Amino acid sequence: MLYPRESETREVRSLDGLWNFVTSDEANPTQGVRDKWFSDDLSKVKDVIPMPVPASYNDITTDNTIRDHVGTVWYDRKFFVPKSWAKDQRVWLRFGSVHYEAFVWINGEMVVKHEMGHLPFEAEVTNFVKYGEENRITVMCDNALIQTTVPQGKISEVKKDGGVAIVQTYTFDFFNYAGIHRSVHLYTTPKTFIEEVEVTSDLEDSNSVGHVYYKVKVGGTASNEADSNLQIRVKLRNKESVTVANGTSDGDLKGALEVKNVKPWWPYLMHAEPGYLYQIELFLHTADNTLLDVYRLKVGIRTLTWNNTSFLINGQPVYLRGFGKHEDSDIRGKGLDFALLTRDMNLLKWIGANAYRTSHYPYSEESMQFADENGIMIIDECPSVDTDNYNQALLDKHKSSMEQLIHRDRNHPSVIMWSIANEPRTSPFQADSHFQFVANFTRALDGTRPVTAAIAVPSASDKAAKHLDIICFNRYNGWYSNPGKLDMITTHVVEEAITWNKKHNKPVMIGEYGADTIEGLHLLPAYIWSEEYQNELFSKHFKAFDILRKKEWFIGEFVWNFADFKTAQSITRVGGNKKGVFTRNRQPKATAHLLRKRYFALGRELDRCNLPEDLFLYITDATSTESRGKRETADL
Ligand code: GCB
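Rules used in this analysis
- Residues numbered from 1 in each chain as written.
- Predicted model: local features only at pLDDT ≥ 70, side-chain atom pairs only at ≥ 80, totals over all residues.
- Heavy atoms only, no water.
- Helix = DSSP H or I, 4+ residues; strand = E, 2+ residues; numbered from the N terminus.
- Expected span 1.5 Å × (residues − 1).
- Buried < 20%, exposed > 50% of the residue type's maximum accessible area, 1.4 Å probe, protein only.
- Arc of directions from axis to C-beta.
- Contact = heavy atoms within 4.5 Å.
- Axes fitted to C-alpha atoms, helices over the stretch in contact; angles between N-to-C directions.
- Parallel < 35°, antiparallel > 145°, perpendicular 65-115°, else oblique.
- Left-handed = near helix turned anticlockwise from the far one by under 90°.
- Near = heavy atom within 4 Å.
- Polar contact = N/O pair within 3.5 Å; in protein donor to acceptor, adjacent residues only side chain to side chain.
- Nonpolar A, V, L, I, M, F, W, Y, C, P; charged D, E, K, R; others polar.
- Pairing = 2+ DSSP bridges.
- Core = buried A, V, L, I, M, F, W, Y, C linked by side-chain atoms within 4.5 Å.
- Phe/Tyr/Trp six-rings, centres within 6.5 Å; stacked < 30°, edge-to-face > 60°.
- Lys NZ or Arg CZ within 6 Å of the ring centre and 35° of its normal.
- Salt bridge = Lys/Arg side-chain N within 4 Å of Asp/Glu carboxyl O.

1. Remarks on helix α6 (residues 430-445)
Compared with the 22 Å implied by 1.5 Å per residue over 16 residues, the 23 Å span of α6 between its first and last C-alpha is a close match. Of all the positions in α6, only A431, H434, F435, V438, A439 and T442 are classed as buried. Viewed end-on, α6 has its buried residues packed into an arc of 120°, placing them on one side of the element. Structurally, α6 contributes buried residues whose contacts are with α5 (392-409), β28 (415-422) and β29 (451-455).

This is the structure in structure tokens:
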């Protein structure tokens, strides 16, 4: 599915802003459908409140019944469609994501349904909208998670004061924020249009010549005609907008472009010009030369290769140093926020990270574009968290989540691996075939990237890792195991990594380690929950990673978590999960400064990057020639 972009042949309009909002009765979640709330303004059936889009609805009001609402909520708003859009084209409605399930009506008619948070969906609405007139869009969003949703949850009825409550529970450790989380767009395409684009690349001659391979799928009226009646003409432009290659597709709308003196896409700190992007311009023509559609997208030219001992980008071994993150912030929850995206990217670069995992679901398309531009490598994860109680319906949905994710993200150079799950319960024998299916399905859709999953089950009982290309394990030594014991970390980490490698003979990385830390809590000697403890726990892990780095197959370290984040209410979480290196407000805890020194030191050692001037603050001039001289004299 293509990101909505303007061009000579396409227009895009945003439907973001303040919508009207109501909740349903939790005990009667389908009432609105039965009573046809979509057939008129929501304000006719209930008192509406304003609700921003994009945002989670949970933390916008002061009402805990909205924050904790289980089941369906409704949104609506009015919008105009220009008269000019009525002419010989198609109109599409696209949602960046709605969590978890969405039903959408326009002017009272159902136009699309979609299940699965964090992923886009769209529908053609050409025949549903009124041109040059006011229209109404109504969305019903259902946040209920059950055993066959991805992720899974449970709904039960529990006695409460004066009645029965509908209670949603889930095992994953982040708040089940819901609502219209990402932007809503209306856009146009011509009647015959570029529907899908797939771009891959490779490099040869010591990275001096690049190839871009493109494949286009056309949708619409003429798409059924013989393919040879249509062709794609392609231009590739560099950053200065100079055309560096061009070509015309074959009858299957495929082709290849060669780029001499290519600038490959390199990760941040691995090259002086990281994240180099070209722009590919695709012009859809009929055989008689009529221009039908134009679509542009950014491409990075790079290779990924992996074997039993290493992971290479453009032929260079990569050591990943980064974070597990969350889309999470105060008030807006999981709502798309450009200020937050930009701040996070600035912090990632400040701290010298070169990668992150989109734990535990796909992040916004805009954040992926940002990662492309900045050379940040992404382990792209689907929304399967704590996968359990395996069954066919769950497998189908799990596969669908990977399919939707790959279709959305396959053209991003930043995406270097697919993660098919976080901490699945992989001891039961059913996990074996489930993960075999999902891993093979993923490879069949994209063979250009390795498949991983973040596994927490010990290697002796795990049944999924054998189906992966790269093993990623999550482990909380000094926290969930042996809390408070800083001398029980280094050896455990080293031994576990070796065990995983010995069992599967594949590259290994650590996907999560960390400690909850209350900003401003200082305790000496280090004591759990203090900033000192987080610092020392990290340092013990660094020692383990350095021992492991000497073995070629250890390819990366990921801290849990980039920033503090909200969770369900629990007696083990004080206002949420506090394992952030940054606070929820994106300010550094003490450990951020320690981690920054390590990540840059690794960048210097492995990739010869420059160190930021403020990395080490001036302390004394004890190392200057003059004072060294004085010391030597004194020693005599
Ligand atoms: C994990 C999970 C992550 C949790 C983390 C924790 O293993 O993957 O979602 O937030 O542990 O802090 O408990």
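Now, onward.
2. With respect to the packing of helix α3 (residues 338-351) against helix α4 (residues 365-374)
In the contact formed by α3 and α4, the axes pass within 11 Å of each other and the chain directions differ by 30°. In terms of axis orientation, α3 runs roughly parallel to α4. By crossing handedness, the relation of α3 to α4 is classed as right-handed. Taken together, the residues of α4 that come into contact with α3 (itself represented by F338, L341, T342, M345 and K349) are E366, S367, F370, A371 and N374.

3. Re the site of the ligand
Taken together, 13 residues lie near the ligand, and D173, H360, E423, Y480 and K579 sit nearest. Contact distances for the ligand include 3.1 Å between an oxygen atom and a side-chain N or O atom of W560. In this structure, an oxygen atom belonging to the ligand sits 3.2 Å away from a side-chain N or O atom of R573. In terms of residue class, the shell around the ligand is made up of 4 nonpolar, 4 polar and 5 charged.

4. Things to note about the sheet that holds strand β31 (residues 508-512)
Each strand in a sheet pairs with its neighbour through backbone hydrogen bonds, running either in the same direction (parallel) or in the opposite one (antiparallel). What the 8 strands build is a closed barrel, ordered β25-β26-β27-β28-β29-β30-β31-β32; its pairing is parallel. When strand polarity is set aside, the average angle formed by the axes of neighbouring strands in this sheet is 25°. Sitting on the sheet, helix α8 (residues 531-549) touches β31 and β32 (554-560), and the angle it makes with β32 is about 170°.

5. Some words on the nonpolar core
Residues F323, I351, I420, Y513, F554, V581 and L595 are the most contacted members of the largest nonpolar core, which totals 86 residues. Those residues in contact with I351 that sit more than four places away from it in its chain are F323, V581, F582, A592, L595, R596, Y599 and F600. Counting 33 residues, the second-largest nonpolar core is a separate cluster that includes Y57, F79, V91 and L186.

6. Comments concerning the packing of aromatic side chains
Applying the stated criterion to the full structure yields 29 aromatic pairs. Both rings, one in F538 and one in F542, keep their centres 6.2 Å apart while their planes meet at 75°; by these two values the pair is edge-to-face. Placement of both F538 and F542 in helix α8 is noted, with a separation of 4 residues, approximately one turn of the helix. F542 matches F538 in its accessibility class, with the two residues each being buried. Clustering of aromatic rings is evident, with ring pairs tying together Y170, F172, F174, Y356, Y361 and Y363. In this structure, K325 is placed above the aromatic ring of Y356, and the distance from its NZ or CZ to the ring centre is 5.2 Å.

7. Comments concerning the sheet that holds strand β16 (residues 209-220)
If you walk across this open sheet you meet the 3 strands as β15-β16-β19, and the pairing is antiparallel. Each of the sheet's edge strands pairs with one partner strand only, and the pair in question is β15 (192-204) and β19 (254-260). Ignoring strand direction, the axes of neighbouring strands in this sheet form an average angle of 20°. Examined bridge by bridge, β16 and β19 share 7 bridges and lie antiparallel to one another. Bridging from a neighbouring strand, G210 pairs with V259 of β19.

8. Structural notes on the pattern of salt bridges
Opposite charge on two side chains permits pairing when their charged atoms draw close. Applying the stated rule across the entire model yields 45 salt bridges. Here D68 and R67 are joined by a salt bridge, their closest N and O atoms 2.9 Å apart. Note on R67: relative accessible area 25%, which makes it partly exposed. Residues R443 and D469 are paired through a salt bridge, measuring 3.3 Å at the closest nitrogen-oxygen approach. Residue R443 is located in helix α6, and its partner D469 is located in the loop between β29 and β30 (471-474); the two are separated by 26 residues in the primary sequence. Residue class for R443 comes out partly exposed when judged on its relative accessible area of 26%. Connected through shared salt-bridge partners, D546, R549, E557, R598 and E605 make up one network.

9. A closer look at the packing of helix α7 (residues 490-504) against α8
Following both chains from N to C, one finds α7 and α8 inclined at 35°, their axes separated by 8 Å at the closest point. When the axes of α7 and α8 are compared, the crossing they make is right-handed. From α7, T490, V493, V494, A497 and I498 reach across to α8, where they touch K540, H541, K543, A544, F545, I547 and L548. The class makeup of the residues in the contact of α7 with α8 is 8 nonpolar, 2 polar and 2 charged.

10. Regarding α3
Look at α3: 20 Å from first C-alpha to last across 14 residues, which is about the 20 Å you get at 1.5 Å a residue. For α3, the complete set of buried residues consists of L340, L341, D344, M345, L347, L348 and I351. Along the axis of α3, the buried positions cluster into a sector of 165°, meaning they face one direction only. Turned more than 90 degrees away from the buried face of α3 sit F338 and A339, all of them exposed.

11. Overview of the pairing of β16
Pairing analysis gives 12 bridges linking β15 to β16, with the strands arranged antiparallel. Residue pairing in the sheet places E196 in a bridge with K217 of β16. From the end of β15 to the start of β16, which pair antiparallel, there are 4 residues, and D205 there has a positive phi angle of about 50°.

12. Some words on the side chain of N314
Take N314: it is sitting in the loop between β23 (311-313) and β24 (316-317). The exposure class assigned to N314 is buried, which follows from its relative accessible area of 4%. Not counting the four nearest positions on each side in its chain, N314 is found in contact with L203, N207, P264, W265, W266, I301, R302 and T303.

Take it as geometry only, folks, not as evidence of what the structure does.
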